[in-house]
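Coordinate inspection notes
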Protein chains: 6
Amino acid sequence: MRITPIRCLGARLAVLRIWVINPNTTESMTTAIGRCARAVAGPGTEITAVTSPIGPPSIESHYDEAMSVPGLLQAIEQGEHSGADGYVIACFGDPGLDAARELARGPVIGIAEAAMHTASHLGRGFSVVTTLARTTGRAAELAERYGMDRFCLGVHACEIPVLDLETDSRARAIVTDACRTAIKVDRSDSIVLGCAGMADICHSISEEIGVPVVDGVSAATVLVQSLVTLGLRTAKHGEYASPPKK
Amino acid sequence: MRITPIRCLGARLAVLRIWVINPNTTESMTTAIGRCARAVAGPGTEITAVTSPIGPPSIESHYDEAMSVPGLLQAIEQGEHSGADGYVIACFGDPGLDAARELARGPVIGIAEAAMHTASHLGRGFSVVTTLARTTGRAAELAERYGMDRFCLGVHACEIPVLDLETDSRARAIVTDACRTAIKVDRSDSIVLGCAGMADICHSISEEIGVPVVDGVSAATVLVQSLVTLGLRTAKHGEYASPPKK
Amino acid sequence: MRITPIRCLGARLAVLRIWVINPNTTESMTTAIGRCARAVAGPGTEITAVTSPIGPPSIESHYDEAMSVPGLLQAIEQGEHSGADGYVIACFGDPGLDAARELARGPVIGIAEAAMHTASHLGRGFSVVTTLARTTGRAAELAERYGMDRFCLGVHACEIPVLDLETDSRARAIVTDACRTAIKVDRSDSIVLGCAGMADICHSISEEIGVPVVDGVSAATVLVQSLVTLGLRTAKHGEYASPPKK
Amino acid sequence: MRITPIRCLGARLAVLRIWVINPNTTESMTTAIGRCARAVAGPGTEITAVTSPIGPPSIESHYDEAMSVPGLLQAIEQGEHSGADGYVIACFGDPGLDAARELARGPVIGIAEAAMHTASHLGRGFSVVTTLARTTGRAAELAERYGMDRFCLGVHACEIPVLDLETDSRARAIVTDACRTAIKVDRSDSIVLGCAGMADICHSISEEIGVPVVDGVSAATVLVQSLVTLGLRTAKHGEYASPPKK
Amino acid sequence: MRITPIRCLGARLAVLRIWVINPNTTESMTTAIGRCARAVAGPGTEITAVTSPIGPPSIESHYDEAMSVPGLLQAIEQGEHSGADGYVIACFGDPGLDAARELARGPVIGIAEAAMHTASHLGRGFSVVTTLARTTGRAAELAERYGMDRFCLGVHACEIPVLDLETDSRARAIVTDACRTAIKVDRSDSIVLGCAGMADICHSISEEIGVPVVDGVSAATVLVQSLVTLGLRTAKHGEYASPPKK
Amino acid sequence: MRITPIRCLGARLAVLRIWVINPNTTESMTTAIGRCARAVAGPGTEITAVTSPIGPPSIESHYDEAMSVPGLLQAIEQGEHSGADGYVIACFGDPGLDAARELARGPVIGIAEAAMHTASHLGRGFSVVTTLARTTGRAAELAERYGMDRFCLGVHACEIPVLDLETDSRARAIVTDACRTAIKVDRSDSIVLGCAGMADICHSISEEIGVPVVDGVSAATVLVQSLVTLGLRTAKHGEYASPPKK
């Protein structure tokens with residue numbers, strides 16, 4: 001066989017700084033999110049997990065989402081002063097993404113964006129399993145925005161409030177059941193978890209139901225890392241130029 | 001400001017093996033492709049650049065593409081025996097992607113797939129700049145398949161045969177001009193280069209025209225690396241299960 | 001001819017209260033917006049024009065838009081206390097629309113939403129003429145959200161900053177020219193003006209170029225008035241229920 | 001709070017003439033339709049309910065619809081001679097809409113068009129509840145034409161012939177049940193009633209099931225009234241110019 | 001080479017009756033249409049060219065189209081009594097297609113439908129070249145209805161009134177020029193002629209510009225012939241069942 | 001009634017040569033396919049049924065499909081030397097269609113393409129009933145490619161391996177049941193059989209369930225025959241020009 005192998009070992013070593021921003025104000029969630037990001041970051045990547053300075057303790061409505069954005073943008077501005085190379089917005093509604101891209105020099109990625117793109121590489125389609133039914137419309141809207149609606153075969157709610165994911169011992173079982181049902185009903189190939197608070201239980205669900213399960217926090221972390229490595233960032237000559245000074 | 005930084009340095013060290021397969025039989029292209037993949041791979045990632053064992057010297061038609069697939073699939077099977085963790089198909093038509101996913105245990109990514117997804121994170125839309133006009137229909141078709149048609153604002157041909165990219169000294173200038181025109185005509189944010197043979201000139205074009213330019217070979221390399229790091233691979237319980245034995 | 005006329009004169013008289021909220025903090029714009037709303041409101045309709053309590057003086061970026069939302073929502077809450085029957089969000093980006101619908105008992109309509117729907121009744125398609133090129137992506141996104149992308153044949157920018165519409169004497173001529181060009185290039189039937197600041201010049205443009213021109217402020221005012229008259233309001237049993245208390 | 005209220009009371013008084021045309025020949029339906037239109041018309045609006053001079057007694061097939069159009073167009077021509085300012089086509093298939101727009105100087109609105117647009121302002125999506133299953137395809141087609149397919153989450157048939165709506169005492173209960181089921185199955189926010197003959201029972205259904213229910217006759221009446229108030233009418237410089245004389 | 005040829009010669013001989021209906025009342029057009037249908041019909045197929053009994057002399061507006069339908073449906077009913085096996089509606093707006101399908105036992109095909117489907121088999125996309133600009137919207141609408149909008153790359157008008165096609169000696173040159181331009185501007189593979197009155201000049205245009213040109217009359221004739229041969233006709237268990245008797 | 005019949009009998013007599021290529025290597029399937037093609041071919045049409053010279057014995061995966069293409073293309077080249085006027089690719093995945101169109105002078109049609117187009121003329125929508133669930137994704141993808149996704153209301157699998165269709169006596173009953181279920185669940189008008197191996201049982205299923213059932217082999221045969229009769233073939237000035245020589 002005429003294979004011509006060219007073997008080599010990458011040697012990128014400069015430190016790459018990623019800020020993972022939790023846009024709600026619950027610090028225990030930030031801790032968990034930071035742990036997930038760190039678990040997949042490459043050598044040479046520094047993860048800074050940040051709790052939004054102002055906003056709601058959890059994001060479970062359009063109102064919560066809207067009220068979280070100014071704090072998130074403040075964190076982005078802080079990151080710019082601190083030399084961050086890229087950002088993860090760690091809430092599945094991807095709040096403030098467009099505005100954050102205007103402010104940041106480096107790439108900014110939402111966890112819904114990253115998770116959906118990632119799942120699209122794993123088969124014909126995915127199901128989203130999320131917390132409250134009232135957020136499913138937003139998930140479907142994001143799928144469309146990212147071009148992922150053709151892969152998004154269903155959005156399923158567990159009716160677990162976000163903060164109960166940390167404290168309710170039955171939460172993992174309920175989410176796992178919802179994932180199993182979703183695969184069957186939607187005839188989907190993989191699961192996208194629709195809440196940053198589910199990042200911790202991603203691997204155990206995948207092992208239990210035997211299909212790929214995607215957590216947006218880790219997916220977004222490696223995606224930002226990849227973009228920075230490629231030297232790519234938000235285009236700055238048009239829509240996402242720095243906002244006009246007022 | 002109530003920022004709660006959690007600093008940490010990733011320490012993933014197990015070797016991760018990516019095969020980058022050139023589905024045409026021109027070894028000088030394989031060398032260039034391998035160089036580009038190596039330049040973005042992380043420490044601990046081993047790149048194996050592979051020339052397809054049988055097929056056409058370049059892929060410039062549907063016929064060439066179809067004839068390249070059996071050789072590509074042979075290379076995938078060889079990779080499975082050699083313990084490859086994931087694969088890049090280094091031709092912008094992403095030939096044989098579905099079949100390769102059936103054969104491989106790990107993820108398989110086409111360079112059009114990777115480049116288009118990557119560009120979608122950089123702004124509202126991208127333009128594809130490719131070699132021959134007769135391949136533009138296929139590029140548009142792939143954009144649709146990946147859900148990237150809403151970001152793909154135009155496909156532009158330079159009318160340079162694939163192998164001339166290496167030998168024709170004016171090629172770089174022609175491609176650069178086409179990129180500049182595409183940004184203006186399509187009002188796009190970034191460029192996707194539509195041929196593996198353009199990987200080498202990606203950075204210089206970006207510097208010259210001042211907008212992000214995405215090369216699929218490097219984009220696919222870091223994408224496969226990310227998927228393997230996340231423990232994700234093609235779902236094997238449905239459409240992409242191993243093909244039935246005959 | 002077997003026509004059976006049933007003639008009658010409507011007699012609805014209860015006062016109907018519409019708050020028209022300018023989400024930027026420039027009061028002269030509020031005054032102009034209020035004048036346009038009042039000009040089309042029916043007898044028995046009371047118009048309250050409101051300037052957002054906090055936010056940017058004009059909305060010309062995703063950042064401005066995001067920063068305008070908390071003030072807008074504060075105004076909605078004030079309206080709820082004051083017995084408003086419905087709301088107009090008087091900025092063409094329709095900022096905060098989903099969150100406002102969660103807060104309000106009555107209908108909430110954005111001016112882009114109203115203008116695009118209105119124009120869709122006038123022919124096969126419309127062109128949007130707006131201020132800055134960097135806002136055209138957002139206009140296209142809204143057209144898609146409202147199902148109006150099939151009618152939206154083009155989005156054209158005049159590169160006039162929002163506040164210059166009031167002060168720059170050439171603004172009207174520039175906008176008029178852009179409208180005339182848009183009709184020709186897009187082969188469209190009507191024009192949608194893409195900024196609340198253009199409400200004042202709507203009629204004169206229509207007369208000058210001889211095609212229907214739609215201003216969102218007046219279109220949204222009569223739309224809210226119609227919904228209240230029909231006894232219709234945002235559905236409150238699902239996605240748009242009042243946000244969970246924190 | 002820096003709210004700047006500008007209170008004013010609209011004073012539009014000129015009489016505005018709307019013809020509501022029933023394109024079938026059953027006069028009792030015309031009477032009911034006229035009553036619904038009158039109930040929502042503003043002071044100063046004169047409603048003329050018109051029975052089509054020729055055509056079928058009810059419209060329950062593509063054939064019926066086609067045969068109703070010449071009579072409808074005759075009524076439009078009569079309206080033009082009588083000084084009508086705008087028209088409602090009071091059949092949920094919106095028969096003859098394009099041709100009517102060519103003939104009329106003022107706006108012409110179909111009740112499916114008005115009802116679907118109206119429902120789209122009330123939440124993420126609506127369900128249509130109609131008479132016979134054989135008409136559901138047409139309803140879906142209209143949803144697409146108006147850009148409302150993204151909001152139209154389902155079309156449900158009651159299998160009640162149109163004229164039985166007036167005479168069959170169980171009809172209201174059957175339609176109400178179908179509405180309740182539709183909301184649940186489609187996870188929709190509101191109901192669109194898919195027949196002019198259902199206008200009378202709109203409010204009672206809404207009260208009974210506790211969600212917004214939209215009747216097209218009243219929705220179209222206020223929509224035409226709004227368009228006339230805004231000074232807007234079908235664009236006459238292109239597709240909808242008066243038809244060439246023969 | 002392991003080719004296994006099985007040669008045979010078809011022997012279908014029963015007479016197959018196709019009615020080709022001109023929905024306008026100009027008999028010279030019927031004669032031309034009949035000639036084109038006859039030229040492609042197989043041995044054993046009998047073509048009956050029919051002039052609509054009532055309606056406009058040419059169809060150049062939505063109004064003309066609507067007024068042509070009752071006469072067309074009368075012709076279909078006559079065909080049913082005479083034992084027709086299938087029908088062609090020979091006007092590019094495909095007027096009355098749904099209603100005709102309810103009435104007829106055998107298949108009914110519009111010439112726009114047939115021409116667009118046919119052209120979709122010849123390459124990536126086609127351009128439509130038609131008579132008056134005011135009909136282009138309708139052509140685009142039909143392309144969408146038939147799923148052919150992804151192939152329809154442009155609709156171009158010649159501004160030649162329908163009946164002038166027969167009498168204006170420059171018509172052929174104008175149409176040919178428009179075809180040549182369309183291929184270049186749209187980068188299309190083939191041309192669809194957008195008027196039954198252009199059937200006669202189809203072949204000469206194709207020879208002159210060197211690309212495939214599709215005439216709907218002949219395309220629809222062989223399509224109906226194929227459907228009857230396959231034993232296929234409009235499904236009669238749902239939407240297209242015979243219309244309810246009144 | 002002013003009907004003007006022009007009766008005539010077609011007299012096309014030149015022999016028209018269609019190659020029907022079975023891209024798998026099972027000759028008994030070729031025999032059955034040839035029989036079906038011959039049953040619908042017109043007098044003067046010569047059918048040559050061809051077994052692919054190399055490839056898998058049945059096509060049940062993306063891998064099988066990819067491996068069948070070189071043999072199929074070899075058969076097309078042989079057909080070109082033998083004077084074939086057009087080709088049918090007799091496998092429901094339509095493998096190698098684009099490449100075959102580059103090689104052939106005459107039209108090339110896949111059986112999925114033909115069957116879906118054909119079914120679209122019979123009502124509002126069709127269901128596909130196919131063999132293995134793992135092929136349903138491909139069927140949906142083809143529906144989209146051909147613009148037929150708006151008509152394709154569902155894809156249903158019987159889980160019968162392709163070659164068992166010939167040998168398993170229960171196969172016909174299972175497929176028939178699946179068709180009956182599909183019509184009900186999808187509310188569809190007709191059935192498209194999703195495998196060349198089902199051609200033989202098409203008519204009996206249609207008779208049993210009373211709805212139109214479309215077999216792709218016969219549909220493609222008459223479609224190629226029609227295209228050749230019309231003098232139409234793949235456009236050769238762009239994407240489908242002969243492939244560049246290597």
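In this text, all values refer to a predicted model and were calculated from it rather than measured experimentally. (Residues numbered from 1 in each chain as written. Chains lettered and ligands numbered in written order. Predicted model: local features only at pLDDT ≥ 70, side-chain atom pairs only at ≥ 80, totals over all residues. Heavy atoms only, no water.)

This paragraph deals with the overall build of chain A. Along chain A, the regular secondary structure elements total nine helices and nine strands. Taking 2.2 N^0.38 as the reference for a compact globule, 246 residues should give roughly 18 Å; the C-alpha atoms of chain A span a radius of gyration of 18 Å, in line with that estimate. C-alpha extents for chain A along the principal axes are approximately 60 × 45 × 30 Å. Considering chain A as a whole, with its 246 residues, one finds that 70% of them fall into the buried category. Partitioning the intrachain contacts of chain A with sequence separation of at least 6 by distance along the chain shows that 71% fall at a separation of at least 24. When the accessible area of chain A is evaluated, it comes to approximately 7800 Å², of which 52% is carbon and sulfur surface. Considering chain A, the positive charge centre built from 22 side chains and the negative charge centre built from 27 side chains are found 8 Å apart. (Helix = DSSP H or I, 4+ residues; strand = E, 2+ residues; numbered from the N terminus. Rg over C-alpha atoms; globule rule 2.2 N^0.38 Å. Buried < 20%, exposed > 50% of the residue type's maximum accessible area, 1.4 Å probe, protein only. Contact = heavy atoms within 4.5 Å. Areas by Shrake-Rupley, 256 points an atom, 1.4 Å probe, with all protein chains shown as cover. Lys, Arg positive; Asp, Glu negative; His and termini not counted. Charge placed at Lys NZ, Arg CZ, Asp CG, Glu CD.)

Here the focus is the relation of the copies chain A and chain B. Take chain A, turn it by 180°, move it 0.0 Å along the axis, and it overlays chain B with an RMSD of 0.0 Å. Look at the turn and shift together and you get a two-fold axis relating the two. The rotation axis passes nearest to the C-alpha of A:Gly147 in chain A, at a distance of 2.2 Å. Residue by residue, 100% of the interface of chain A is reproduced at the interface of chain B, so both copies engage with the same surface. (Least-squares fit on C-alpha atoms with pLDDT ≥ 70 in both.)

On to the interface of chain A and chain B, then. Contacts between chain A and chain B engage 76 residues on the former and 76 residues on the latter. Counting the contacts that link chain A with chain B gives two salt bridges. Notably, a salt bridge pairs A:Arg124 with B:Glu239, separated by 2.5 Å at the nearest N-O pair. Broken down by secondary-structure element, the contributors of at least two residues to the side of chain A that touches chain B are strand S1 (7-9), helix H1 (27-40), strand S3 (45-51), helix H2 (62-82), helix H4 (111-120), helix H5 (136-145), strand S9 (213-214) and helix H9 (216-229) of chain A. For the side of chain A that touches chain B, a count of residues per class yields 35 nonpolar, 26 polar and 15 charged. (Salt bridge = Lys/Arg side-chain N within 4 Å of Asp/Glu carboxyl O. Nonpolar A, V, L, I, M, F, W, Y, C, P; charged D, E, K, R; others polar.)

For the rest of this paragraph, the subject is the arrangement of the chains. Chain E makes no contact with chain A, the minimum C-alpha separation between the two being 17 Å. Looking at chain C next to chain F, you find no contact at all, with the nearest C-alpha pair sitting 16 Å apart.

Another point: helix H7 (residues 171-186) of chain C. All names here are of chain C. Here H7 is 16 residues long and its end C-alpha atoms lie 22 Å apart, about the 22 Å a rise of 1.5 Å per residue gives. Of all the residues in H7, the buried ones are Ala171, Val175, Thr176, Ala178, Cys179, Ala182, Ile183 and Asp186. Axial view of H7: buried residues confined to an arc of 160°, hence all on one face. Turned more than 90 degrees off the buried face of H7, the exposed positions are Lys184 and Val185. Against strand S6 (126-130), strand S7 (152-157), helix H6 (164-167), strand S8 (190-193) and helix H8 (202-209) lie the buried residues of H7. (Expected span 1.5 Å × (residues − 1). Arc of directions from axis to C-beta.)

Another aspect to go through is the confidence of the model for chain A. When the pLDDT values of chain A are averaged, the result is 93; 95% of them are 70 or greater. Reported confidence for the predicted complex is 0.95 by ipTM and 0.95 by pTM. (pLDDT = per-residue confidence, 0-100.)

Here we come to unusual backbone geometry. Outside of glycine, negative phi angles account for most residues, and trans bonds account for most peptide bonds. You will see that D:Asp94, though not glycine, has its phi angle at about 50°, which is positive. Assignment of secondary structure puts D:Asp94 in the loop between strand S4 (86-89) and helix H3 (97-103). The class for D:Asp94 is buried, based on a relative accessible area of 3%. Here F:Arg187, not a glycine, exhibits a phi torsion of approximately 50°, which is positive. Relative accessible area serves as the criterion here: at 56%, F:Arg187 is assigned to the exposed category.

A few words now on the packing of H2(A) against helix H2 (residues 62-82) of chain C. Where H2(A) meets H2(C), the axes come as close as 9 Å, and the angle between the chain directions of the two elements is 140°. Taken as axis vectors, H2(A) and H2(C) run oblique relative to one another. When you trace H2(A) past H2(C), the crossing you get is left-handed. Contacts from A:Tyr63, A:Ala66, A:Met67, A:Val69, A:Pro70, A:Leu73 and A:Glu77 in H2(A) reach C:Tyr63, C:Ala66, C:Met67, C:Val69, C:Pro70, C:Leu73 and C:Glu77 in H2(C). Looking at the contact of H2(A) with H2(C) residue by residue, the classes come out as 12 nonpolar, no polar and two charged. (Axes fitted to C-alpha atoms, helices over the stretch in contact; angles between N-to-C directions. Parallel < 35°, antiparallel > 145°, perpendicular 65-115°, else oblique. Left-handed = near helix turned anticlockwise from the far one by under 90°.)

Right, let's get into the domain arrangement of chain A. Accessible area lost on assembly of the parts is the figure often given for the size of an interface. Residue and element names in this part refer to chain A. By domain assignment, chain A separates into domain 1 (16-110 + 219-230) and domain 2 (112-215). Centre-to-centre separation of domain 1 and domain 2, based on C-alpha positions: 20 Å. Counting residues at the interface gives 27 residues for domain 1 and 29 residues for domain 2. Summed over both sides, the interface between domain 1 and domain 2 buries roughly 2000 Å², with carbon and sulfur atoms accounting for 56% of that surface. (Domains from an automatic or database assignment. Buried area = accessible area lost by both parts, 1.4 Å probe.)

Let us look at the sheet that holds S8(C). Residue and element names in this part refer to chain C. As summarised here, the arrangement of the four strands in space is S7-S6-S8-S9, forming an open sheet in which the pairing is parallel. With one partner strand each, in any of the chains shown, S7 and strand S9 (213-214) form the two edges of the open sheet. Pairing geometry for S8 and S9, over two bridges, is parallel. Of the residues in S9, the one forming a bridge with Ile191 is Val213. Its contacts with the sheet put H7 on S6, S7 and S8, and the angle it makes with S6 is roughly 150°. (Pairing = 2+ DSSP bridges.)

Okay, the sheet that holds strand S7 (residues 152-157) of chain E next. Residues and elements named next belong to chain E. Strand order in the open sheet formed by four strands is S7-S6-S8-S9, and the pairing between neighbours is parallel. Edge positions in the sheet fall to S7 and strand S9 (213-214), since each of these pairs with one other strand and no more. Lying on the sheet, helix H5 (residues 136-145) is in contact with strand S6 (126-130) and S7; it crosses S7 at an angle near 160°.

In total, this model carries 102 salt bridges over all chains according to the counting rule given. Taking the shortest distance from any N to any O, the salt bridge between A:Glu80 and A:Arg105 comes out at 2.9 Å. You can see A:Glu80 sitting in helix H2 and its partner A:Arg105 sitting in the loop between helix H3 (97-103) and strand S5 (108-110), a full 25 residues away along the chain. Judged by relative accessible area, which is 13%, A:Glu80 ranks as buried. The partner of E:Arg170 in a salt bridge is E:Asp168, with the nearest N and O atoms 3.0 Å apart. For E:Asp168, a relative accessible area of 18% puts it in the buried group.

Attention now moves to the side chain of D:Thr118. Take D:Thr118: it is sitting in helix H4 (residues 111-120). Exposure remark for D:Thr118: the relative accessible area of 8% places this residue in the buried category. Within the structure, the side chain of D:Thr118 is placed 2.7 Å from the backbone oxygen of D:Ala114, a separation counted as a polar contact. Residues in contact with D:Thr118, not counting those within four places in the same chain, are C:Leu227, C:Leu230, C:Leu232, D:Val214 and D:Ala219. (Polar contact = N/O pair within 3.5 Å; in protein donor to acceptor, adjacent residues only side chain to side chain.)

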